[in-house]
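Each chain is listed here by its residues.
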Amino acid sequence: MTAGKRQLSMVLDLNKCIGCQTCTISCKRLWTRGDGMDYMWWNTVNTKPGRGTPRDWEQMGGGFRDGVAQPGRLPTGRDFGEAWEFNHNEVFHGGKGDKVHLEIKGEKPDWGPNWDEDQGAGDYPNAYYFYLPRICNHCTHPACLDACPRKAIMKREEDGIVLIDEDRCRGYRFCMEACPYKKIYFNHVANVAQKCIFCFPRIEQGVANACARQCPGRVRFVGYRDDEEAPIWKLVDKWKVAIPLHPEYGTDPNVFYVPPIAPPRIDANGNLDESKPRIPNEYLVSLFGPSVLDALKILEAEMSKTRGGEKSELMDLLIAYKWKEMFGGFDRDPATIEWTKG
Amino acid sequence: MEAHLASGTGVEQLLDPDDPVWARAGEDPLQLIGTPAGLQPTAAIRNTWAGKKIGAVERVQVRAVHNGEILAFRLEWDDATQNDSLTDTTAFIDAAAIALPASPDAVAATMGAPGAAVNTWYWRADEKDGGRHLLAEGLGTTRTLDSGAVRSSGVWKDGRWRVVIARALQVKTSEPVAQLEPDQVTGYAVAVWDGAQQERAGIKGFSGEWRELRLAFEPMARK
Ligand code: SF4
Ligand code: SF4
């Protein structure tokens with residue numbers, strides 16, 4: 001595949017994500033309220049370690065190994081977590097609010113999109129977890145696109161956004177099997193595959209993605225990968241602290257993560273134990289590959305610099321003093337635009 | 001196989017797989033073979049299906065009847081499960097299709113080639129009464145033509161699908177579809193998808209190269 005002209009990217013600083021799901025809800029409100037989209041969360045935030053959404057997606061295959069497409073399997077609706085219906089009417093309008101509790105109608109579920117939230121791993125006082133927000137990675141080598149026999153998936157030349165043409169899609173779901181991140185959803189009403197569109201209608205108007213702009217944690221940077229004036233290039237290419245999730249899946253993602261650094265461990269006497277990190281390195285390597293260790297070293301070095309009173313361009317970038325500067329020029333206020341439904 | 005001529009039989013009768021007219025037509029018992037994983041159009045599909053069974057339905061009984069204007073095929077096959085709704089992200093729908101060469105040199109196994117199209121009449125268990133009129137010029141190139149040209153009906157009972165797929169012999173279109181007339185000899189092929197086995201697209205049972213189909217005619221009726 002020939003590389004396009006430019007590539008839009010996102011960097012997420014996992015040290016700042018508070019798991020509030022504002023991103024998830026802003027995406028939901030904007031894009032997945034139509035028929036057949038109830039269970040879709042194009043943006044998910046899950047606790048790691050944890051099974052994720054869809055459940056155990058990291059064991060579902062797909063992607064490439066040594067450039068060879070790997071067999072994949074389809075997640076079930078239950079793996080994603082079904083859109084439950086609640087007894088809202090009964091609780092709020094039935095006059096029984098003092099007796100009935102809010103509960104899910106029908107069969108009690110045993111899984112949902114954020115079922116294992118805040119469980120994490122490790123034992124007190126050294127338990128650990130962090131939040132991992134995920135969207136479609138708008139990969140440079142999209143497994144979804146390669147898998148489609150209908151050529152219904154395209155990667156835009158001008159910005160690298162990966163989109164599904166719903167007129168060409170026949171609902172075969174080979175893309176869903178092939179995406180190793182399991183970020184494709186099936187709309188059973190429209191009989192088409194759907195996924196994160198990187199908010200392209202906003203991007204085209206100079207407005208950053210909803211998940212990024214609404215994030216109260218200033219977690220998400222947006223912009224062109226090659227814009228050397230903007231944070232993405234600085235974090236990914238210059239400072240090399242932002243790295244893709246599961247690079248071994250072979251799709252070359254364009255969403256990057258600043259890896260998490262947890263507080264120090266506490267030993268049996270209640271003293272700080274800095275002999276090893278709270279989040280085991282092996283665990284982070286299993287998610288981000290070996291380059292995560294280099295990224296952590298750089299982060300730690302820059303953190304200690306600022307502790308010593310020195311300035312650090314990297315720390316200033318990550319703190320994101322100026323909110324608008326996180327968006328690589330896509331900082332227009334959406335309220336200044338008159339939006340029409342196409 | 002001969003498409004039995006039943007002049008004066010209405011289309012609703014033809015669409016009823018239990019109508020007595022079907023008993024008068026001869027039967028072609030077809031063997032279906034799974035389209036091999038190696039022939040699937042993308043590496044992801046090839047590698048996902050390599051070593052898996054393709055073509056769950058191996059036998060289909062075919063009959064054909066025409067009334068001088070409309071040609072109908074009745075397909076019958078055993079299928080333990082009726083898959084006629086998209087109940088889950090992993091659910092796929094039972095389906096069947098009749099393929100006809102739209103030009104004399106069209107190859108069935110590849111679903112045609114540029115300039116040598118294959119015309120398909122497609123039935124899907126969740127599209128009640130409907131049918132799709134499709135044209136392909138090679139694997140993965142299938143496109144839907146005019147809606148309404150193909151009609152179909154399907155009944156699942158006691159582990160068996162009985163499906164009728166029908167179209168007018170002649171259709172007005174600029175597309176290179178099969179145009180038929182009584183006394184003509186053409187080819188036909190059959191494909192069946194078993195939804196329970198996640199069969200869809202090129203993952204199907206297929207009858208192979210064209211079978212002969214002769215449309216019966218009444219010599220007296222000829223001018
Ligand atoms: S994350 Fe999955 S759906 Fe998104 S571009 Fe990559 S392979 Fe395709
Ligand atoms: S909105 Fe920001 S802080 Fe909240 S869950 Fe999403 S990425 Fe994390």
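As the structure is a computational prediction, the values presented were derived from the model and not from experiment. The numbering scheme is per chain: residues are counted from 1 as the chain's sequence reads. Chain letters and ligand numbers both follow the written order, the letters beginning at A and the numbers at 1. At least 70 in pLDDT is required for a residue's local features to be given in this predicted model, at least 80 for side-chain atom pairs to be given and counted, and no such filter applies to totals for whole chains, interfaces and linings, which use all residues. Water and hydrogen atoms play no part in the side-chain values, which are based on all heavy atoms of the structure.

In this section: the confidence of the model for chain B. Across chain B, the average pLDDT comes to 94, with 98% of residues at or above 70. In the predicted assembly, ipTM is 0.93 and pTM is 0.94. Per-residue confidence from the predictor is reported as pLDDT, a score between 0 and 100.

Any two of the Phe, Tyr and Trp rings considered here, Trp counted by its six-membered ring, make a pair once their centres fall within 6.5 Å; the pair's planes then place it as stacked at under 30 degrees, edge-to-face at over 60, or tilted in between. Scanning all chains against the criterion turns up 18 aromatic pairs over all chains. Where B:W77 meets B:W123, the ring centres are 6.0 Å apart and the plane angle is 75 degrees; that geometry is what we call edge-to-face. Of this pair, B:W77 sits in strand β5 (residues 70-78) while B:W123 sits in strand β7 (residues 118-124), and the two are 46 residues apart along the sequence. Each of the two residues, B:W77 as well as B:W123, counts as buried. Grouping aromatic residues by their ring pairs yields a cluster made of A:Y39, A:F80 and A:Y185. In this structure, A:R173 is placed above the aromatic ring of A:F186, and the distance from its NZ or CZ to the ring centre is 3.6 Å. Over the aromatic face of B:F92 sits the side chain of A:R173, whose NZ or CZ is 3.7 Å from the ring centroid. Counting from the N terminus, the helices are the DSSP runs of H or I reaching at least four residues and the strands are the DSSP runs of E reaching at least two. Exposed residues in this analysis have more than 50% of their type's maximum accessible area, buried residues have under 20%, and partly exposed residues fall in between, with area computed by a 1.4 Å probe over protein chains only. As a reminder, the over-ring test applies to NZ of lysine and CZ of arginine, requiring each to be within 6 Å of the ring centre and within 35 degrees of the ring normal.

What follows is about the pattern of salt bridges. Any Lys or Arg side-chain nitrogen located within 4 Å of an Asp or Glu carboxyl oxygen qualifies as a salt bridge. A full pass over the atoms with the stated rule returns 35 salt bridges over all chains. In this structure, the salt-bridge partner of A:E204 is A:R156, at a minimum N-O distance of 2.8 Å. Separated by 48 residues along the polypeptide, A:E204 in the loop between α6 (200-203) and α7 (210-213) and A:R156 in the loop between β6 (153-155) and β7 (162-164) bring together distant segments of the chain. Assessed through its relative accessible area of 48%, A:E204 is described here as partly exposed. A salt bridge links A:D237 to A:R225; the nearest nitrogen and oxygen atoms lie 3.0 Å apart. Of this pair, A:D237 sits in helix α8 (residues 231-238) while A:R225 is found in the loop between β10 (220-224) and α8, placing the two residues 12 residues apart along the sequence. One salt-bridge network, held together by shared partners, links B:D18, B:R74, B:E76, B:D78, B:R160 and B:R162.

The next thing to look at is helix α9 (residues 281-288) of chain A. Residues and elements named next belong to chain A. Within the span of α9, buried status applies to Y283, L284, L287 and F288. Along α9, the residues classed as buried sweep out an arc of 110 degrees about the axis, all on the same side. By definition in these notes, contact holds between two residues if any of their heavy atoms fall within 4.5 Å. Where the residues of α9 are buried, they touch β2 (44-48), β5 (130-134), β11 (243-244), β12 (255-258) and α10 (291-307). Once α9 ends, the next one or two residues include G289, with phi positive near 80 degrees. The directions considered for the arc run from the helix axis to the C-beta atoms.

What follows is about the environment of A:P263. Inspection of the secondary structure puts A:P263 in the loop between β12 and β13 (265-266). C-alpha separation for the pair A:P263 and A:M176, spaced 87 residues apart in sequence, amounts to 37 Å.

What follows concerns the nonpolar core. What is meant by a nonpolar core is a set of buried Ala, Val, Leu, Ile, Met, Phe, Trp, Tyr and Cys residues, joined one to another through side-chain atoms within 4.5 Å. Counting 115 residues, the largest nonpolar core has A:F288, B:F73, B:W77 and B:V190 as its most contacted members. Of all hydrophobic cores here, the second largest spans 15 residues; its members include B:A106, B:A108, B:M111 and B:A189.

Attention now goes to the site of ligand 1. Close contacts around ligand 1 come from A:C136, A:N137, A:H138, A:C139, A:P142, A:A143, A:C144, A:V162, A:C179, A:Y181, A:I184 and A:K195, and that covers them all. Of the residues contributing to the shell around ligand 1, the split by class is 9 nonpolar, 2 polar and 1 charged. A molecule or strand has a residue near it when one of that residue's heavy atoms lies within 4 Å. When residues are grouped by polarity, Ala, Val, Leu, Ile, Met, Phe, Trp, Tyr, Cys and Pro land in nonpolar, Asp, Glu, Lys and Arg in charged, and all others, Gly among them, in polar.

Helix axes are fitted to C-alpha atoms over the stretch in contact, other axes to C-alpha atoms as well, and angles between N-to-C directions run from 0 to 180 degrees. Put simply, α9(A) and α10(A) touch, their axes get as near as 8 Å, and they point 115 degrees apart. On α10(A), the residues that touch A:N281, A:L284, A:V285 and A:F288 of α9(A) are A:S291, A:V292, A:L293 and A:L296.

Cis geometry is found at the peptide bond from A:K48 to A:P49, where omega equals -5 degrees. By the secondary structure assignment, A:P49 is in the loop between β2 and β3 (64-65). A:P125 follows A:Y124 through a cis peptide bond whose omega is 0 degrees. Its place among the elements puts A:P125 in the loop between α3 (88-93) and β5. The phi dihedral of A:K240 is positive, around 55 degrees, even though this residue is not glycine. Mapped onto the elements of the fold, A:K240 is located in the loop between α8 and β11. A positive phi angle, close to 50 degrees, is found at B:D158, a residue other than glycine. Structurally, the position occupied by B:D158 is in the loop between β10 (150-157) and β11 (160-168).

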